[in-house]
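Reading the structure
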Amino acid sequence: MNEKKELFENAPIAKALAAMAIPTIISQLISMIYNMADTIFIGMTDDPYKVAAAGVVGNVFFVMSAFTNLFGVGGGSLMSRLLGISREEEAKKVCSFSFYGSLLIGIICSVVAFLFADPISFLLGASQNTIGYCREYIFWTVFVGGIPMIVSVAMSHLLRSAGYSGKSSFGLALGGVMNIILDPIFMFVVLPSGNEVTGAAIATMLSNVIALLYFLFEFLRLRKKSVLTLSPKLMIPSKASIGSVFAIGLPSTLSAMLAATAAILKNNLASGHSDIELAALSIVVKIDMLPLNIGMGLCQGMMPLVAYNYAAANYKRMNGFIKAAQLTGMIMAGTCILAFEIFAEPIVRIFIGEATTIAYGKDFLRIACLATPFMISNFQKNFCLQAMGKGKESLLLAVCRQGIVYIPILLIANHFFGIYGVVGSQLVSDMITFVITTIVYGRIYKTLVVKTEAIETTEE
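Below you will find a few notes about this structure. Bear in mind that the values here come from a model prediction, so they are computed numbers and not experimental data. (Residues numbered from 1 in each chain as written. Predicted model: local features only at pLDDT ≥ 70, side-chain atom pairs only at ≥ 80, totals over all residues. Heavy atoms only, no water.)

Thoughts on the overall build of the protein
For the protein, the count of helices and strands is 18 helices and zero strands. Judged by the C-alpha coordinates and their principal axes, the protein covers about 70 × 45 × 35 Å. The burial tally for the protein puts 58% of its 460 residues in the buried class. When contacts within the protein are restricted to residue pairs at least 6 apart in sequence, long-range pairs at least 24 apart make up 84% of them. Accessible area for the protein stands at about 17900 Å²; split by element, carbon and sulfur atoms hold 69% of it. Of the side-chain charges in the protein, 32 are positive and 27 negative, and the distance between the mean point of each set is 10 Å. (Helix = DSSP H or I, 4+ residues; strand = E, 2+ residues; numbered from the N terminus. Buried < 20%, exposed > 50% of the residue type's maximum accessible area, 1.4 Å probe, protein only. Contact = heavy atoms within 4.5 Å. Areas by Shrake-Rupley, 256 points an atom, 1.4 Å probe, with all protein chains shown as cover. Lys, Arg positive; Asp, Glu negative; His and termini not counted. Charge placed at Lys NZ, Arg CZ, Asp CG, Glu CD.)

Here it is in structure tokens:
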């Protein structure tokens, strides 16, 4: 615990941020690669219907990730703040509460997937050409693999919030690496030709099981020297803590659910044009995960540091972490835009060799990547608000970005500009949301500056 306390309180800002963010970014990149792996391997069949199906059911993971935020982000944020004020026993209760809460959500998702696989597939954008592939994918990844996926991701958040960013990232990376290894085995060796989508789904399910086993091992190993625990006896924290978990977890979940809803709507609009355009859009969404995952990894690494120092009233150090993360995020965004604009066509060719899909894909990628700096900035400000326990403000920004702003723009752009309007709507939405986010966050930031100056004056 002393080593982790040193990292939160005294280590140089750049060093502490790097220690928390680099492992998280690496794990996010590996997770991105394993999410891409299904599309890459399925794309080897040069069957756009299979690629489209992979893109459609990819939204299932958005929905499931949304549910992990309820206890993973909500519980993790509170754990870091409790550690900042030396309330270790309550932090343990929050940890146990969050683990069993995520387990319950995993069970519910599995049951719903079993009962409503076909309606869910059509809701996500499936057509008669893709429904069979979608059904198989949902069965293996959600019905069979839903519990290990949701629980393992929630546990990774809790590990990181206790200061074990490296172990958290390793567990996620382990699942990603195993998926990359298992994909070709089940797609091209174990199962007969024509079952590539099923093989990819089974590989994904098994990789999530392996990741969960690793996280369970780490929790049991660290339980005596940290606040990490799975004890059912400690699963009921105080009412105030439960309220705090949901105050941050619900906005984060709603934000992710709105993002999933927007992605589902985008798929449905794209499939209304053609399955070929849907396949191209699905590929671009996978590629655009690179800057998204880098930004998310940076935010997740920053969040415990901000939460801890906010609770400890060390606002000057907290602001140092925020500014360092902002600068790093913009450098990463600029680099990704440059690479995607120059190498759009060869990047899309990695996923599929079909000429029409490539032609659409390169155009879509050059448009979509322009949203990156605005998207990362919006994420960072929202993560900071979550770290500070500002649930209302976080909820407002979540609703604005994916609900009030993005969905109407998506519908209008599709009506007037067709498939290219669908692709460009995210850029317009993130630009508008950037203005709103900057205003909301700016007001809170000014308050913190005043508090910092007051503390410095008192110390003098």
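Regarding empty space enclosed by the protein
Tallying each qualifying case throughout the model produces three cavities of 30 Å³ or more. Here the second largest cavity defines a volume of roughly 80 Å³. Lining the second largest cavity, in full, are Gly72, Val73, Gly76, Ser77, Ser80, His157, Arg160, Ser161, Gln300, Met303, Pro304 and Phe383. At the level of elements, helix H3 (48–84), helix H7 (146–161) and helix H12 (289–311) are the ones that each hand at least two residues to the lining of the second largest cavity. (1 Å grid on protein atoms, 1.4 Å probe; cavity = no way out; pocket = protein on both sides within 12 Å on 5 of 7 lines; lining within 4 Å. Points joined across faces, edges and corners; volume = space filled by probe spheres on them.)

Some remarks on the pattern of salt bridges
For the structure shown, the criterion picks out five salt bridges. Between Glu89 and Lys92 there is a salt bridge; the shortest N-O distance is 3.7 Å. With a gap of three residues between them, Glu89 and Lys92 both fall in helix H4 (residues 88–115), about one helical turn apart. When its relative accessible area of 49% is taken as the criterion, Glu89 is described as partly exposed. Beyond isolated ion pairs, a larger network of salt bridges with shared partners links Glu345, Arg349 and Lys362. (Salt bridge = Lys/Arg side-chain N within 4 Å of Asp/Glu carboxyl O.)

Quick word on H7
The terminal C-alpha atoms of H7 lie 23 Å apart, and with 16 residues this matches the ideal 22 Å at 1.5 Å per residue to within 8%. A large share of H7 lies buried, amounting to 15 of its 16 residues. A positive phi of about 100° marks Gly163, the residue just after H7. (Expected span 1.5 Å × (residues − 1).)

Considering the packing of aromatic side chains
In this description, an aromatic ring pair is defined by two values, namely the gap between the centres and the angle between the planes. If you walk through the whole model with that rule in mind, you get 14 aromatic pairs. For the pair Tyr360 and Phe364, a centre-to-centre distance of 5.7 Å together with 35° between the ring planes defines the contact as tilted. Here Phe364 and Tyr360 lie together in helix H15 (residues 355–368), a separation of four residues that amounts to about one turn. You can call Phe364 buried: its relative accessible area is 0%. An aromatic cluster is built from Phe114, Phe139, Trp140 and Phe143, whose rings are joined through pairwise contacts. (Phe/Tyr/Trp six-rings, centres within 6.5 Å; stacked < 30°, edge-to-face > 60°.)

A look at the side chain of Ser425
Turning to its location among the elements, Ser425 is positioned in helix H18 (residues 419–459). Residue contacts for Ser425: discarding those within four places in its chain leaves Tyr406, Ile409, Leu410 and Ala413.

Comments concerning the environment of Lys446
Tracing the chain through its elements places Lys446 in helix H18. For the pair Lys446 and Leu172, spaced 274 residues apart in sequence, the C-alpha separation works out to 37 Å.

Points about the layout of surface pockets
One way to see where empty space is left: roll a probe the size of a water molecule over the atoms. Considering only enclosed or pocket space, the largest pocket measures out at about 280 Å³ in volume. Around the largest pocket, the lining comprises 15 residues; the ones closest to its centre are Val60, Val63, Phe67, Val112 and Ile120. Put simply, the parts of the chain that give the lining of the largest pocket at least two residues each are H3, H4, helix H5 (117–124), helix H6 (131–144) and helix H10 (239–273). Of the residues that constitute the lining of the largest pocket, the class distribution is 15 nonpolar, no polar and no charged. (Nonpolar A, V, L, I, M, F, W, Y, C, P; charged D, E, K, R; others polar.)

A look at the nonpolar core
Counting residues in hydrophobic clusters, the biggest one holds 126 residues, and the most contacted among them are Met79, Ile138, Met155, Phe219, Leu228, Ile287 and Met388. Examining the composition of this core, we find that 16 residues originate from one element, H3, more than from any other. Residue contacts for Phe219: discarding those within four places in its chain leaves Cys95, Met155, Leu158, Leu159, Leu228, Thr229 and Leu230. With five residues, the next largest nonpolar core counts Leu182, Phe186, Ile202 and Met205 among its residues. (Core = buried A, V, L, I, M, F, W, Y, C linked by side-chain atoms within 4.5 Å.)

Regarding a nonpolar patch on the surface
The grouping of Leu104, Ile107, Ile108, Val111, Val112, Phe114, Leu115, Phe116, Phe139, Phe143 and Val144 at the surface amounts to a nonpolar patch, some 950 Å² of accessible area in total. Of all the secondary-structure elements, those providing two or more residues to the nonpolar patch are H4 and H6. Within the fold, Ile107 resides in helix H4. Using a relative accessible area of 40% as the deciding quantity, one classes Ile107 as partly exposed. (Patch = residues over 30% accessible without salt bridge, like charges linked within 9 Å, V, L, I, M, F, W, Y side chains within 5 Å.)

Notes on the packing of helix H8 (residues 165–190) against helix H9 (residues 196–222)
The geometry of H8 relative to H9 is characterised by a closest axis approach of 7 Å and an angle of 155° between their N-to-C directions. Between H8 and H9, the angle falls in the class roughly antiparallel. As H8 packs across H9, the resulting crossing turns out to be right-handed. Of the residues that constitute the contact of H8 with H9, the class distribution is 17 nonpolar, seven polar and five charged. (Axes fitted to C-alpha atoms, helices over the stretch in contact; angles between N-to-C directions. Parallel < 35°, antiparallel > 145°, perpendicular 65-115°, else oblique. Left-handed = near helix turned anticlockwise from the far one by under 90°.)

A closer look at the state of the cysteines
Considering all chains together, one arrives at zero disulfides under this definition. The structure places no disulfide on Cys109, whose sulfur is separated from the nearest cysteine sulfur, that of Cys134, by 18 Å. (Disulfide = S-S within 2.5 Å.)

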